[in-house]
Amino acid sequence: MIKGLLYLVVGTVAFWGLVTFPARLLWPEAPTFDWSTAAAGLCLVPTALTLVWTSRAYKGRPEQQLLAVMGGTAVRLVVVIAGGMILFLSVERFQKQRFWIFVIVYYLFTLALEMTLIVRGTAAGQVPAKNEAGLPDGSRER
């Protein structure tokens, strides 16, 4: 679980660097650093929480796994949209539609990264079994 969280945080920070600096060049007059940092934080926190929830449910019954996946989606959506709306409506520098571009981009990135970690079993600390060729089960040597 710790390894999965580490991958999630490091991946999001690396993606933040890849997004923030080109956006700064594209919109030099806009507070892109603030937008990008806020959007990354808005998306990273609930994604980390749902990753922990899902990795714990991964060891339980199938019903718990389904609840974690579906409930995690709902929690992530509510937190990101509510946090984004609070910033958008109450802080003047976030009252631009371009801020929502950052929120959507980070939401999709953190969602994809979380699903990758869950499917690969990294979040739960599981390592895929290897066959006699040293490849993960189900893989064939080409």
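Look up: the structure comes first, before these words.
These remarks concern the structure in this document. Quick caveat: nothing in here was measured; it's all calculated off a predicted structure. (Residues numbered from 1 in each chain as written. Predicted model: local features only at pLDDT ≥ 70, side-chain atom pairs only at ≥ 80, totals over all residues. Heavy atoms only, no water.)

**Looking at the overall build of the protein**
The helix and strand tally for the protein stands at four helices and zero strands. In the protein, the succession of helices and strands from N to C terminus is α-α-α-α. A sequence separation of at least 24 residues applies to 70% of the contacts in the protein between residues at least 6 apart. Taken as a whole, the protein presents about 8,900 Å² of accessible surface, with 68% of it coming from carbon and sulfur. (Helix = DSSP H or I, 4+ residues; strand = E, 2+ residues; numbered from the N terminus. Contact = heavy atoms within 4.5 Å. Areas by Shrake-Rupley, 256 points an atom, 1.4 Å probe, with all protein chains shown as cover.)

**What to know about the side chain of S36**
Along the chain, the position of S36 falls in helix α2 (residues 32-57). We classify S36 as buried; its relative accessible area is 0%. For S36, the side chain forms a polar contact with the side chain of Y106, separated by 2.6 Å. (Buried < 20%, exposed > 50% of the residue type's maximum accessible area, 1.4 Å probe, protein only. Polar contact = N/O pair within 3.5 Å; in protein donor to acceptor, adjacent residues only side chain to side chain.)

**Quick word on the nonpolar core**
Core analysis: the biggest nonpolar cluster contains 19 residues, and W35, F99, F102, V103 and Y106 have the highest contact counts within it. Within the residue set of this core, elements represented by two or more residues are α1 (2-26), α2 and α4 (98-120). Sequence-distant contacts of W35, that is, excluding residues within four places in its chain, are made with A30, R93, F94, K96, R98, F99 and F102. (Core = buried A, V, L, I, M, F, W, Y, C linked by side-chain atoms within 4.5 Å.)

**A closer look at helix α3 (residues 62-90)**
The terminal C-alpha atoms of α3 lie 42 Å apart, and with 29 residues this matches the ideal 42 Å at 1.5 Å per residue to within 8%. All buried positions along α3 are accounted for by A68, G71, G72, R76, V80, G83 and G84. Of the surrounding secondary structure, the elements contacted by the buried residues of α3 are α2 and α4. (Expected span 1.5 Å × (residues − 1).)

**Considering the packing of aromatic side chains**
For the coordinates displayed, the defined rule picks out nine aromatic pairs. Ring centres 5.8 Å apart and planes at 75° place the aromatic pair W16 and F21 in the edge-to-face group. Among the aromatic residues, ring-to-ring pairing joins F88, F94, F99 and W100 into one connected group. (Phe/Tyr/Trp six-rings, centres within 6.5 Å; stacked < 30°, edge-to-face > 60°.)

**Quick notes on the side chain of E114**
Following the sequence through the fold, E114 ends up in helix α4. Of the residues examined, E114 reaches a relative accessible area of 0% and is grouped as buried. Engagement of the side chain of E114 in a polar contact is seen with the side chain of T50, the distance being 2.8 Å. A distance of 2.5 Å separates a polar atom in the side chain of E114 from a polar atom in the side chain of R76. Setting aside anything within four residues of it in sequence, one finds E114 in contact with T47, T50, L51, T54 and R76.

In short, geometric facts, not functional conclusions.
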